[in-house]
Amino acid sequence: MVYEVVVPIPVRLVWSVFHDPARLADCVPGWSDDAPPRKTGDGAALTGRLRLRAGSTTITYRGSASVTEAEDLPLAVAITAEGIEARGEAPVKALLTIRLDDAGTDTKLVFDGSLTAQGRTAELPPAQLAAALRRVADRFASALAEELAPVRDQETPDTVPARQAAPRAAAEPRPVVVAAAEPEPPRPGLRRFARPALAALVVLLLVRVLRRRSQGLRSSA
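Draft legend 1. Looking closely at the pattern of salt bridges. Under the definition given, this model contains four salt bridges. We note a salt bridge from Arg-23 to Glu-147, for which the minimum N-O separation is 3.1 Å. With Arg-23 in helix α2 (residues 21-27) and Glu-147 in helix α4 (residues 126-148), this pair connects stretches of sequence that are 124 residues apart. Arg-23 gets classed as partly exposed once you look at its relative accessible area, which sits at 23%. For Arg-99, the salt bridge is made with Asp-101, and the minimal N-O distance between the two is 2.9 Å. Here Asp-101 falls in the buried class, since its relative accessible area comes to 14%.

Right, here's the structure in full:
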């Protein structure tokens, strides 16, 4: 069974609950302790009873569960639960992985697991049993949100690991293109006076030439 549910709490806070056996036990719907939850060398251990309702059937299990960090996934826990039905003593075993995905201010819980059972549990219709397990996951997420709501906006401890993003590949250098400067358009004032000035210059040169010629004629006479 693979199932996803979103908790409106940052991932660092949600992750901290999985390292606190007492708070974790309080968030499991239908759970009651037969012994105080305790920490182990690599996780947590719970011993007690779990009450599950599937359709019109209610089954109570007695047993224990161990919670450890998953070895092959970041921000994930592996849960092994074993027990018996309180009535009839039919065995049941569940293997469950819960992965925490960082969704900004939210946390997405991804449940992936399997269940082997005998007795009344095995007699339940598969769709009915799957719906009951999804309901447990939804109620667990709601309990997490309620437990962590008072500290949602507080600074989270640095001891809680966060999922690391994959390193980005170095960007290839891009050529820098410099556009050629456009010629500056002629100013309107220059256009207005350029032709008259040129004509005046030509007239002045002609006058000088004629004067020199007339002076040369006088001196020769």
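Draft legend 2. α4, seen in detail. When the terminal C-alpha atoms of α4 are compared, their 33 Å separation across 23 residues agrees well with the 33 Å that a helix rising 1.5 Å per residue should span. Residues of α4 that are buried include every one of Leu-129, Ala-132, Ala-137, Phe-140, Ala-141, Ala-143, Leu-144, Ala-145 and Leu-148, and no others. For α4, the elements touching its buried residues are β1 (2-7), α1 (11-17), α2, β3 (43-54), β7 (106-117) and α3 (120-123).

Draft legend 3. Representation of unusual backbone geometry in the model. Located in the positive-phi region is Leu-75, a residue other than glycine, with phi close to 50 degrees. On the secondary structure map, Leu-75 appears in the loop between β4 (57-69) and β5 (76-85). Under the relative-accessibility criterion, Leu-75 is labelled buried at 6%. Phi at Glu-89 is positive, roughly 60 degrees, even though this residue is not glycine. On the secondary structure map, Glu-89 appears in the loop between β5 and β6 (91-103). Judged by relative accessible area, Glu-89 falls into the exposed class, the value being 53%.

Draft legend 4. How the structure looks around a positive patch on the surface. Taken together, the side chains of Arg-51, Arg-53, Arg-135 and Arg-139 make up a positively charged region of the molecular surface. Listed by contribution, the elements that provide at least two residues to the positive patch are β3 and α4. By the secondary structure assignment, Arg-135 is in helix α4.

Draft legend 5. Representation of the pairing of β5. The sheet contact formed by β4 and β5 spans nine bridges and is antiparallel. For Ser-66, the partnering residue across the bridge sits in β5 and is Thr-80. Two successive antiparallel strands, β4 and β5, enclose a turn made up of six residues, where Leu-75 displays a positive phi of approximately 50 degrees. The sheet contact formed by β5 and β6 spans nine bridges and is antiparallel. When the sheet's bridge partners are listed, Glu-82 is paired in β6 with Lys-93. Adjacent in sequence and paired antiparallel, β5 and β6 are bridged by five residues, among which Gly-88 carries a positive phi angle near 105 degrees.

Draft legend 6. Summary view of the nonpolar core. Of all hydrophobic cores here, the largest spans 29 residues; its most connected members are Val-14, Leu-100 and Leu-109. At the level of elements, β1, α1, α2, β4, β5, β6, β7 and α4 are the ones that each hand at least two residues to this core. No other element matches the seven residues that α4 contributes to this core. The next biggest cluster of nonpolar side chains, apart from the first, holds eight residues, and it includes Leu-52, Ala-54, Ile-59 and Leu-124.

Scoring rules and cut-offs
Residues numbered from 1 in each chain as written. Predicted model: local features only at pLDDT ≥ 70, side-chain atom pairs only at ≥ 80, totals over all residues. Heavy atoms only, no water. Salt bridge = Lys/Arg side-chain N within 4 Å of Asp/Glu carboxyl O. Helix = DSSP H or I, 4+ residues; strand = E, 2+ residues; numbered from the N terminus. Buried < 20%, exposed > 50% of the residue type's maximum accessible area, 1.4 Å probe, protein only. Expected span 1.5 Å × (residues − 1). Contact = heavy atoms within 4.5 Å. Patch = residues over 30% accessible without salt bridge, like charges linked within 9 Å, V, L, I, M, F, W, Y side chains within 5 Å. Areas by Shrake-Rupley, 256 points an atom, 1.4 Å probe, with all protein chains shown as cover. Lys, Arg positive; Asp, Glu negative; His and termini not counted. Charge placed at Lys NZ, Arg CZ, Asp CG, Glu CD. Pairing = 2+ DSSP bridges. Core = buried A, V, L, I, M, F, W, Y, C linked by side-chain atoms within 4.5 Å.

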